[in-house]
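Structural overview for review
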Amino acid sequence: MASAAPRVRYLAGFCCPLGGLAAGKPRVLYHEAEVFLSTGSELVYVYDQEGGLLTAAFRFPDQVWHLELLAPRRLLYALCARRGLYCLSLDHPGRSRSTSRDDRDSEDGDQPSPVIPVDPDACILPDAALCAFTVLDSVLVTLVQGPARWKMQLFEQPCPGEDPRPGGQIGEVELSTYAPPAGVPGKPADPHFLPVLCCVSPSGSRVPRDLLGGPGGFTLEDALFGLLFGADATLLQSPVVLCGLPDGQLCCVILKALVTSRSAPGDPNALVKILHHLEEPVIFIGALKTEPQAAEAAENFLPDEDVHSDCLVALGHHGRMLAIKASWDESGKLVPELREYCLPGPVLCAACGGGGRVYHSTPSDLCVVDLSRGSTPLGPEQPEEGPGGLPPMLCPASLNICSVVSLSASPRTHEGGTKLLALSAKGRLMTCSLDLDSEIPGPARMTTESAGRKIKELLSGIGDISERVSFLKKAVDQRNKALTSLNEAMNVSCALLSSGAGPRPISCTTSTTWSRLQTQDMLMATCVLENSSSFSLDQGWTLCIQVLTSSCALDLDSACSAITYTIPVDQLGPGARREVTLPLGPGENGGLDLPVTVSCTLFYSLREVVGGALAPSDSEDSFLDECPSDVLPEQEGVCLPLSRHTVDMLQCLRFPGLAPPHTRAPSPLGPTRDPVATFLETCREPGSQPAGPASLRAEFLPPSVASIKVSAELLRAALKDGHSGVPLCCATLQWLLAENAAVDIVRARALSSIQGVAPDGADVHLIVREVAMTDLCPAGPIQAVEIQVESSSLADICRAHHAVVGRMQTMVTEQAAQGSSAPDLRVQYLRQIHANHETLLREVQTLRDRLCTEDEASSCATAQRLLQVYRQLRHPSLILL
């Protein structure tokens with residue numbers, strides 16, 4: 001479609017907002033050498049094509065939505081948003097007067113363009129709801145946006161030379177309902193798509209084309225006119241107003257019938273006929289000549305001579321195009337032929353040109369389709385000049401011009417081509433010269449071989465797309481599952497962190513029992529995870545149990561490390577519980593370092609859940625494989641502490657002597673013994689004493705003793721709830737052994753002293769008795785309870801004493817929070833006791849330092865003295881009050 005001359009030529013540039021002009025509001029009109037242009041702002045420009053100059057610019061009080069030119073009267077009509085309809089006389093002498101030199105809207109900048117403010121008296125029809133209009137020589141047609149319906153109104157036009165203000169209203173009819181756009185109450189929002197109005201007259205009408213208004217007025221052949229609008233419009237030779245609405249309706253109103261309806265009222269709905277529904281906003285209505293037989297005759301028409309069109313077209317915003325033409329059916333009857341086509345969208349603007357061609361613009365291209373490539377008449381019995389059919393499909397041809405927001409087809413040039421006037425989104429006015437004789441590419445004829453190859457390619461593409469869709473669906477399902485899991489994790493975290501000191505929705509309790517595994521007794525910890533919440537623990541959750549011995553906790557520089565057990569939590573729903581049993585000791589060395597701390601924590605793995613959903617897949621499709629590194633979580637997961645339980649000597653003591661004789665279990669086994677020592681022990685004579693360090697220590701060394709004294713009043717206040725009616729010494733022993741498995745037997749027998757076995761096999765004796773402290777209070781003796789621990793093993797007595805002291809500290813803290821007050825004490829006596837303890841502690845430090853430097857002979861006496869000092873420290877003269 002190229003020609004010898006340059007096809008596109010830029011004429012001028014106009015101001016446009018940042019981002020370019022929006023489609024729908026800009027307009028381009030022509031008359032002879034003058035171009036009238038609106039960019040959708042408040043300015044309307046007049047450009048002279050022959051001189052290449054911008055001759056004037058009119059400034060309106062608001063945005064200009066639509067322009068029409070009544071050429072015979074030299075009148076320019078402009079629809080101003082929220083103001084009404086304005087009319088300007090192009091022959092007014094004030095048009096040549098420049099009133100502002102500050103506004104320069106031409107890119108060339110050769111000379112300033114005169115900007116003429118439009119006088120408010122130029123508003124001939126003030127109406128804020130006016131959305132569209134079209135002008136005839138004797139009638140003005142407007143379309144008003146009502147509260148819920150469109151309303152078409154007719155006004156009588158004054159005679160030439162008179163005041164351009166319209167006379168009285170001569171007709172009115174309501175069109176279909178619509179949904180008003182959302183806006184501020186009392187101030188409706190501007191419509192996104194404006195209605196389209198145009199006037200159609202039959203070929204027998206004597207109304208010249210110039211009197212039909214602007215580019216929206218045209219003449220149809222009688223056959224198509226009668227088929228579309230009926231016999232009444234044909235007999236009346238009445239112009240018809242076509243209206244394309246934003247909801248997609250294409251309707252028509254016969255003007256003369258609307259005028260006569262005021263004198264003879266009838267059904268107003270009978271005045272409106274709906275021709276079609278595009279189901280998308282109508283942005284263009286036009287007509288063209290498509291018959292090939294008339295192509296040669298059309299070339300002989302003068303530029304200003306009217307052409308009787310034989311095809312009506314309407315175009316929607318999303319590319320749906322309707323073409324209506326008179327055609328013969330199989331029975332030889334003349335019927336309207338309607339065809340819908342799908343063109344590339346969204347469509348910004350359109351125009352009808354010569355040769356049966358329709359030009360339409362999209363954001364990426366300006367295209368042309370040819371409607372004259374229709375079928376020939378259906379049979380020989382029809383006249384040779386009978387109308388042919390519409391083409392079954394349209395193939396848009398690209399003109400390689402993008403972002404045209406307003407388009408107008410000028411009269412044919414002397415060379416026989418078509419010239420388009422176009423306004424781009426950047427505000428540039430341009431002309432595009434086209435050669436009507438060049439061929440527009442049409443659908444090529446396929447051979448059988450090429451068709452088979454094409455089908456194979458399509459089937460292969462369908463298979464690839466199906467595989468890709470399946471992969472994408474799987475990926476989306478994984479991510480949805482990950483999002484669901486993250487939501488559950490967030491709910492669980494919020495529930496645990498907000499529970500405070502109250503009952504926790506997800507808890508983990510720990511208890512200890514002794515169990516015999518093969519030939520060795522083993523201390524087992526049982527952790528019960530219970531879900532009392534309404535959430536479910538699914539993928540990504542792990543229960544972490546950390547076992548920390550006292551040697552690891554006290555000696556930070558030691559090589560030992562805590563043992564952590566990880567148990568995946570799978571499908572732990574509301575109300576469910578999970579039980580985990582694990583060994584605490586003795587270890588391989590046969591010892592059990594007490595106390596042992598068991599910490600339970602819930603761990604949620606972010607990398608397992610989120611990383612698994614975002615990780616690259618094995619598929620060859622790389623659409624989802626390229627995951628940004630910053631999307632993956634930086635942390636491995638989220639830790640939620642559940643519980644912390646300390647296992648001490650009092651929980652691990654066993655009492656084999658408490659079981660009845662007929663049910664008494666074998667004596668607890670200590671650490672695994674040396675087979676040689678076991679053999680020698682079996683070979684000794686009956687009645688002889690066993691040999692070994694433990695037996696010798698038990699026989700010749702006195703047992704180590706540690707004690708602690710507690711106020712009887714303090715114990716009664718602490719134990720009053722669960723031990724009413726029980727002697728204080730018995731209640732105290734039961735309280736100390738509350739977490740031991742033998743507490744029920746101790747409670748049943750009301751014991752105040754008991755002898756048990758430590759995990760290493762040494763005996764531990766617990767004695768609880770009441771004593772009186774006479775030296776502390778001047779008011780008299782203070783009743784107290786003394787808790788004494790005896791054992792031949794110094795390590796076991798230290799562990800048991802540590803366990804008792806820990807329970808006492810907790811009790812004293814709880815009672816202090818309740819506001820308990822202590823009695824009056826002898827301060828000087830307390831200071832003397834404190835000074836004695838300070839002296840003993842300094843002596844301990846000195847003796848320990850001496851042990852590091854003395855030889856073996858001297859260190860024995862130092863060790864003996866150190867043990868004596870320790871015994872004195874474990875028998876304090878103080879009391880817990």
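These numbers were taken from a predicted model, which means no experiment stands behind them.

**Side note on the overall build of the chain**
- Along its length, the chain carries 15 helices and 42 strands.
- Taking all 881 residues of the chain together, the buried fraction comes to 44%.
- In the chain, 62% of the contacts between residues at least 6 apart in sequence involve partners at least 24 apart.

**A short note on the sheet that holds strand β13 (residues 149–156)**
- With respect to topology, 4 strands assemble into an open sheet ordered β11-β12-β13-β14, the strand pairing being antiparallel. Each edge of the sheet is formed by a strand with only one pairing partner; in this case those strands are β11 (130–135) and β14 (169–177). Strand after strand, the sheet turns through a mean of 20 degrees between neighbouring axes, direction not considered.
- Pairing of β11 with strand β12 (residues 139–145) involves 5 bridges; the strand directions are antiparallel. Following the sheet pairing, Ala-132 is matched in β12 by Leu-143.

**A closer look at helix α10 (residues 712–719)**
- Three or more residues of α10 are buried, namely Ala-712, Leu-714, Leu-715 and Leu-719. Down the axis of α10, the sector holding all buried residues measures 160 degrees, keeping them to one side.
- Lining the buried residues of α10 we find β39 (704–711), α11 (728–736), β42 (782–791) and α13 (794–817).
- One side-chain oxygen at the N-terminal end of α10 lies 3.3 Å from the backbone nitrogen of Glu-713; it belongs to Ser-711.

**Considerations on the packing of α10 against α13**
- Where α10 contacts α13, the axes come no closer than 10 Å and their chain directions differ by 80 degrees. The pairing of α10 with α13 is recorded here as roughly perpendicular in orientation. Contacts between α10 and α13 involve Leu-714, Leu-715, Ala-717 and Ala-718 from the first element and Met-811, Val-812 and Gln-815 from the second.
- Along the lines of polarity and charge, the residues of the contact of α10 with α13 split into 6 nonpolar, 1 polar and no charged.

**Structural notes on the sheet that holds strand β17 (residues 240–244)**
- The strand order across the open sheet formed by 6 strands is β19-β18-β17-β15-β16-β21, and the pairing between neighbours is mixed. On the outer flanks of this sheet lie β19 (272–277) and β21 (308–309), each paired with one strand and no other.
- Of the pairings in the sheet, the one linking strand β18 (residues 249–254) to β19 comprises 5 bridges and is antiparallel in character. From the neighbouring strand, Leu-250 faces β19, where its bridge partner is His-276.

**Some details on the environment of Ser-793**
- Among the structural elements, Ser-793 can be located in the loop between β42 and α13.
- Linking Ser-793 and Val-705, residues 88 residues apart in sequence, is a C-alpha distance of 10.0 Å.
- Among the polar contacts made by the side chain of Ser-793, one reaches the main-chain amide nitrogen of Asp-796 at a distance of 3.3 Å.

**Regarding the pattern of salt bridges**
- Throughout the structure, instances matching the rule amount to 20 salt bridges.
- The closest approach of N and O atoms between Glu-174 and Arg-149, which form a salt bridge, is 3.2 Å. In this pair, Glu-174 is assigned in strand β14 and Arg-149 in strand β13, connecting sequence segments 25 residues apart.
- The class for Arg-149 is partly exposed, based on a relative accessible area of 30%.
- Two residues, Asp-521 and Arg-654, come together in a salt bridge whose shortest N-O distance is 2.6 Å. With Asp-521 in strand β33 (residues 520–531) and Arg-654 in the loop between α7 (649–652) and α8 (675–683), the pair connects residues that are 133 residues apart, well separated along the chain. Residues Asp-521 and Arg-654 agree in their burial class; the two are buried.

**What about the side chain of Gln-153?**
- Its location among the elements puts Gln-153 in strand β13.
- The exposure class of Gln-153 is buried, given its relative accessible area of 12%.
- A polar contact of 3.4 Å, which involves the side chain of Gln-153, links it to the side chain of Glu-172.
- Discounting residues that sit within four places of it in the chain, Gln-153 has contacts with Leu-140, Val-141, Thr-142, Val-144, Gln-169, Gly-171 and Glu-172.

**As for the packing of aromatic side chains**
- This structure, assessed with the given rule, holds 5 aromatic pairs.
- On the numbers, 5.6 Å between centres and 85 degrees between planes, the contact of Phe-60 with Tyr-86 is edge-to-face. Residue Phe-60 is found in the loop between β5 (53–59) and β6 (64–70), and its partner Tyr-86 is found in strand β8 (residues 84–89); the two are separated by 26 residues along the sequence. For the pair formed by Phe-60 and Tyr-86, the shared burial category is buried.
- Ring geometry for Phe-225 against Phe-229: centres 4.9 Å apart, planes inclined by 70 degrees, an arrangement best described as edge-to-face. Highlighted residues: Phe-225 and Phe-229, both in helix α1 (residues 222–236), separated by 4 residues, approximately one helical turn. Judged on exposure class, the residue Phe-225 and its partner Phe-229 are both buried.
- Here Arg-654 stacks its cationic end above the ring of Trp-514, 3.9 Å away from the centre of that ring.

**Here's the deal with the side chain of Ser-533**
- For Ser-533, the location among the structural elements is in the loop between β33 and β34 (541–549).
- Assessed through its relative accessible area of 11%, Ser-533 is described here as buried.
- Reaching out from Ser-533, the side chain makes a polar contact with the backbone nitrogen of Phe-535 at a distance of 3.3 Å.
- Each residue touching Ser-533, except ones within four places of it in the same chain, is listed here: Pro-505, Ile-506, Pro-574 and Gly-575.

**Some points on the nonpolar core**
- Ranked by size, the top nonpolar core spans 69 residues in total, and within it Trp-541, Leu-543, Ile-545, Leu-584, Leu-642 and Ile-754 carry the most contacts.
- Counting residues per element, this core draws most heavily on α13, which supplies 6 residues.
- Both of domain 1 (506–613 + 635–647) and domain 2 (649–660 + 700–824) provide at least three residues apiece to this core.
- Ile-754 has contacts with Phe-655, Leu-658, Leu-733, Leu-737, Val-746, Val-764, His-765 and Leu-766, leaving out every residue within four places of it along the chain.
- In this structure, Val-196, Leu-250, Cys-252 and Leu-322 belong to the second largest nonpolar core, which totals 25 residues.

**Looking at the confidence of the model for the chain**
- With 77% of its residues at a pLDDT of at least 70, the chain reaches an overall mean of 80.
- Ranking the elements of the chain by mean pLDDT puts helix α3 (residues 295–298) last, at 49, and strand β22 (residues 311–316) first, at 95.
- Within the model, the stretch residues 375–386 combines pLDDT values under 50 with 17 contacts to residues more than four positions away or in other chains.

**Some thoughts on α11**
- Counting buried positions over the 9 residues of α11 gives 8, a clear majority of the element.
- Taken together, the buried positions of α11 are occupied by Leu-728, Cys-729, Cys-730, Ala-731, Thr-732, Leu-733, Gln-734 and Leu-736.

**Some points on the environment of Phe-655**
- Positionally, Phe-655 belongs in the loop between α7 and α8.
- Judged by its relative accessible area of 10%, Phe-655 is buried.
- When sequence neighbours within four positions are dropped, the list of residues in contact with Phe-655 reads Leu-737, Asn-740, Ala-742, Ile-754, Gln-755 and Gly-756.

**Overview of unusual backbone geometry**
- Omega for the bond connecting Gly-345 with Pro-346 falls within 30 degrees of zero, at -5 degrees, which places this linkage in the cis form.
- As for its position among the elements, Pro-346 is in the loop between β24 (334–342) and β25 (349–352).
- Pro-595 follows Leu-594 through a cis peptide bond whose omega is 0 degrees.
- Relative to the elements of secondary structure, Pro-595 occurs in the loop between β36 (577–585) and β37 (596–605).
- The phi dihedral of Asn-400 falls on the positive side, at around 60 degrees, and the residue is not glycine.
- Mapped onto the elements, Asn-400 comes out in the loop between β28 (397–398) and β29 (404–409).
- We note that Ser-403 has phi near 60 degrees; this positive angle belongs to a residue other than glycine.
- Structurally, Ser-403 is set in the loop between β28 and β29.

Criteria and thresholds
- Residues numbered from 1 in each chain as written.
- Predicted model: local features only at pLDDT ≥ 70, side-chain atom pairs only at ≥ 80, totals over all residues.
- Heavy atoms only, no water.
- Helix = DSSP H or I, 4+ residues; strand = E, 2+ residues; numbered from the N terminus.
- Buried < 20%, exposed > 50% of the residue type's maximum accessible area, 1.4 Å probe, protein only.
- Contact = heavy atoms within 4.5 Å.
- Pairing = 2+ DSSP bridges.
- Axes fitted to C-alpha atoms, helices over the stretch in contact; angles between N-to-C directions.
- Arc of directions from axis to C-beta.
- Polar contact = N/O pair within 3.5 Å; in protein donor to acceptor, adjacent residues only side chain to side chain.
- Parallel < 35°, antiparallel > 145°, perpendicular 65-115°, else oblique.
- Nonpolar A, V, L, I, M, F, W, Y, C, P; charged D, E, K, R; others polar.
- Salt bridge = Lys/Arg side-chain N within 4 Å of Asp/Glu carboxyl O.
- Phe/Tyr/Trp six-rings, centres within 6.5 Å; stacked < 30°, edge-to-face > 60°.
- Lys NZ or Arg CZ within 6 Å of the ring centre and 35° of its normal.
- Core = buried A, V, L, I, M, F, W, Y, C linked by side-chain atoms within 4.5 Å.
- Domains from an automatic or database assignment.
- pLDDT = per-residue confidence, 0-100.

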